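What follows is each chain in one-letter form.
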Amino acid sequence: MSSNASELYERIQNDPKHTKVLFRQALQDPQGALQAICDLGQSMGLPVTPDEVKAHLASLDDAETKQWLIKARGGL
């Protein structure tokens, strides 16, 4: 399912509404944001597990994503 995590990340990244909502939630409740990402994936037909989301984010090597994770206090 790692391909689902990758595709889901791209869809979220390209939708400012999703990005903003998830970022705010991650600041307040990192685990809730992780669950919201999984729920969003399910609703988009791209099911992912929390571990798949974490693994995909850890595999990315771009400064913007890393900064997002730092700001979210590493909860993801």
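Peer 1: Please give an account of the packing of helix 2 (residues 16-28) against helix 3 (residues 30-43) that cites residues and values.
Peer 2: Contact geometry for helix 2 and helix 3: axes closest at 6 Å, N-to-C directions at 150 degrees. Relative to helix 3, helix 2 is oriented roughly antiparallel. Seen from helix 2, the contacting residues are His18, Leu22, Gln25, Ala26 and Gln28; seen from helix 3, they are Pro30, Gly32, Ala33, Ala36, Ile37 and Leu40.

Peer 1: Would you mind going over helix 3 in detail, with residue names and values included?
Peer 2: If you check helix 3, its first and last C-alpha atoms are 20 Å apart, about what 14 residues at 1.5 Å a residue would give, namely 20 Å. Regarding helix 3, the residues found buried are Pro30, Gly32, Ala33, Leu34, Ile37, Cys38, Leu40 and Gly41. Once helix 3 finishes, Gly45 follows within two positions and takes phi at roughly 75 degrees, a positive value.

Peer 1: Can you lay out the side chain of Asn4 for me, pointing to particular residues and giving the numbers?
Peer 2: Structurally, Asn4 can be placed in helix 1 (residues 2-13). For Asn4, the contacting residues outside a window of four places in its chain are Leu46, Pro47 and Val48.

Peer 1: Got a sec to walk through the pattern of salt bridges? Specific residues and values, please.
Peer 2: One pass over the full model with this rule turns up one salt bridge. Across the pair Glu7 and Arg11 runs a salt bridge whose closest N-O atoms are separated by 3.1 Å. In this pair, Glu7 and Arg11 are both assigned in helix 1, four residues apart and thus about one turn of the helix distant. Among the residues examined, Arg11 registers a relative accessible area of 37% and is labelled partly exposed.

Peer 1: Lay out the confidence of the model for the protein with the relevant residues and their values.
Peer 2: On average, the protein scores 83 in pLDDT, and the residues at 70 or more come to 83%. Mean pLDDT in the protein bottoms out at helix 5 (residues 63-71), which sits at 67, and peaks at helix 3, which reaches 91.

Peer 1: Residues and numbers for helix 4 (residues 50-59), please.
Peer 2: All of the buried residues along helix 4 are Val53, His56 and Leu57. Along helix 4, the residues classed as buried sweep out an arc of 95 degrees about the axis, all on the same side. For helix 4, the exposed residues set more than 90 degrees away from the buried face come down to Asp51, Ala58 and Ser59.

Calculation criteria
Residues numbered from 1 in each chain as written. Predicted model: local features only at pLDDT ≥ 70, side-chain atom pairs only at ≥ 80, totals over all residues. Heavy atoms only, no water. Axes fitted to C-alpha atoms, helices over the stretch in contact; angles between N-to-C directions. Helix = DSSP H or I, 4+ residues; strand = E, 2+ residues; numbered from the N terminus. Parallel < 35°, antiparallel > 145°, perpendicular 65-115°, else oblique. Contact = heavy atoms within 4.5 Å. Expected span 1.5 Å × (residues − 1). Buried < 20%, exposed > 50% of the residue type's maximum accessible area, 1.4 Å probe, protein only. Salt bridge = Lys/Arg side-chain N within 4 Å of Asp/Glu carboxyl O. pLDDT = per-residue confidence, 0-100. Arc of directions from axis to C-beta.

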